[in-house]
Amino acid sequence: MADRHTAGITSMVANKKLLVLPGDGIGPEVMGEVRRVIDWMDRRRAVTFEVSEGLVGGAAYDAGGTALSDETMADAAASDAVLLGAVGGPKWADVPRVHRPEAGLLRLRKEMDLFANLRPALVFDALVDASTLKPEVVRGLDILILRELTGGVYFGQPRGVETLPDGSERGVDTQVYTTGEVERILRVGFDLAKKRRNKVTSVEKSNVMETGAMWRKIATRVAAEEFPDVEFDHMLADNCAMQLIRDPHQFDVIVTDNLFGDMLSDEAAMMTGSLGMLPSASLSAMDATSGRRHALYEPVHGSAPDIAGQNKANPLATLLSFGMMLRYSFDMAEDADLVEAAVQDVLGSGLRTADIAASGDEVVSTTRMGEALVEALDRRAA
Ligand code: NAD
């Protein structure tokens, strides 16, 4: 039991409850470097994270026969934010589906009702040539695609394939949205925009889809009644796909449904060049009484079994996910900017893990990248 003195200090400063789930493969390696940065923040900034660590995925299955224990699920639900590495790998290929590593991730998403998926596209100056688009189009890019994750055509009923009397088949998927589902994703979009450049673009196909026309009507109302101070416009999804390539800087936050978000977020992600650089977040609705939302932050990449255990993985996607946590869960925009600036500095000095290296670059290990980040933070904070 903590003595009274320690307990007093803890209750005064340990105000940010963070659950870290490193997971499988390169997950623990990249998370180790993020822990270095979290420790740095504890030491150097006026903030203390109350960090606990748990098992998820194959690691949890090996330890307890399930991809996420009830205790870890409860810890996640009681935390202010969860930071996850990655799950999965060939070792668990023959495990029954309900216990597969991915089941742990799905349980977290389902039980915390994480319906809002955030995928930023952030282009760092030093990596501007890694994009397939011209440097002048993507330089300095910082946009956010917000995808509705739990409704729409991937879940709507009826769905299935039936055999017709003539022996041919008829396949059906159904796009379904309710007023409440559209309102809540838009509200997240407006709230996020207020922490960024204050602009929302709502994207649908109101010209040809009933759900699209309904979405547009609801978006117009929510914007006018609840967020009159946020710049707002609509765009058809096909035009949005073109505009992202033509002039991505016109956007700040794009809010869209599950299907269009799936495509547009991958399109935007590729502007930044590498899987090892892509963070993400998933959020629930805000609890009206506590003002809290559940939040899961994780890199877009998987457990990369081909390089796991070799100290080669790029930790920056996980670090940038932590940066998103600072910005969106903890309202620490200055510290989030600091993390991103440290990433700029490290890349600007020519350090690269193998996945983002071009010829002539200095290729460094996962741990060296972590050390360099802390050095960059030290320089910035000096
Ligand atoms: P992956 O993202 O793990 O790897 C794809 C390629 O990118 C590999 O060559 C890998 O070495 C490289 N790569 C990925 N992240 C990297 C990083 N941080 N630094 C350097 N290189 C990196 O995708 P995959 O190979 O299709 O899947 C491997 C396992 O991960 C599977 O079990 C899959 O189910 C799982 N997976 C998990 C998640 C998740 O946890 N959210 C997401 C995708 C895949």
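Below or above, wherever it landed, is the structure these notes cover.

Turning our attention to the nonpolar core. Core analysis: the largest hydrophobic core is formed by 69 residues, its most contacted members being Phe49, Tyr297 and Phe322. Top element by residues in this core is helix α11 (residues 316-328). It accounts for 8 residues. Mapping this core onto the domain boundaries places at least three of its residues in each of domain 1 (1-115 + 284-382) and domain 2 (124-272). Not counting residues within four places of it along the chain, the set of residues in contact with tyrosine 297 comprises Ala81, Val82, Leu83, Leu84, Ser280, Ala281, Leu283, Ser321, Met324, Met325, Tyr328 and Ser329. Grouped together as the second largest cluster of nonpolar side chains are 20 residues, Val128, Ile143, Phe260 and Met271 included.

Below, the discussion takes up helix α13 (residues 366-381). For α13, which comprises 16 residues, the first-to-last C-alpha distance of 23 Å matches the rise-based estimate of 22 Å (1.5 Å per residue) to within 8%. Every buried residue of α13 is accounted for by Thr366, Met369, Gly370, Ala372, Leu373, Val374, Ala376 and Leu377. On its buried side, α13 packs onto α2 (27-44), α11, α12 (333-348) and β13 (351-352).

With that settled, consider the site of the ligand. Around the ligand lies a shell of 21 residues, among which Val87, Gly302, Ala304, Asp306 and Asn314 are the nearest. Between the ligand and glycine 302, the relevant distance is 2.7 Å, taken from an oxygen atom to a main-chain nitrogen or oxygen of the residue. If the ligand stood free it would expose 810 Å²; the protein chains cover 66% of that surface. When its residues are assigned to classes, the shell around the ligand shows 10 nonpolar, 7 polar and 4 charged.

A few words now on unusual backbone geometry. In this structure, proline 158 follows glutamine 157 across a cis peptide bond, with omega equal to 0°. By the secondary structure assignment, proline 158 is in strand β6 (residues 156-163). A positive phi angle, near 65°, is found at asparagine 198, a position not held by glycine. As for its position among the elements, asparagine 198 is in the loop between α7 (179-194) and β8 (199-204). With a phi angle near 60°, asparagine 311 is a residue other than glycine that sits in the positive phi range. You can see asparagine 311 is positioned in the loop between β12 (295-299) and α11.

Definitions and cut-offs
- Residues numbered from 1 in each chain as written.
- Predicted model: local features only at pLDDT ≥ 70, side-chain atom pairs only at ≥ 80, totals over all residues.
- Heavy atoms only, no water.
- Core = buried A, V, L, I, M, F, W, Y, C linked by side-chain atoms within 4.5 Å.
- Buried < 20%, exposed > 50% of the residue type's maximum accessible area, 1.4 Å probe, protein only.
- Helix = DSSP H or I, 4+ residues; strand = E, 2+ residues; numbered from the N terminus.
- Domains from an automatic or database assignment.
- Contact = heavy atoms within 4.5 Å.
- Expected span 1.5 Å × (residues − 1).
- Near = heavy atom within 4 Å.
- Polar contact = N/O pair within 3.5 Å; in protein donor to acceptor, adjacent residues only side chain to side chain.
- Areas by Shrake-Rupley, 256 points an atom, 1.4 Å probe, with all protein chains shown as cover.
- Nonpolar A, V, L, I, M, F, W, Y, C, P; charged D, E, K, R; others polar.

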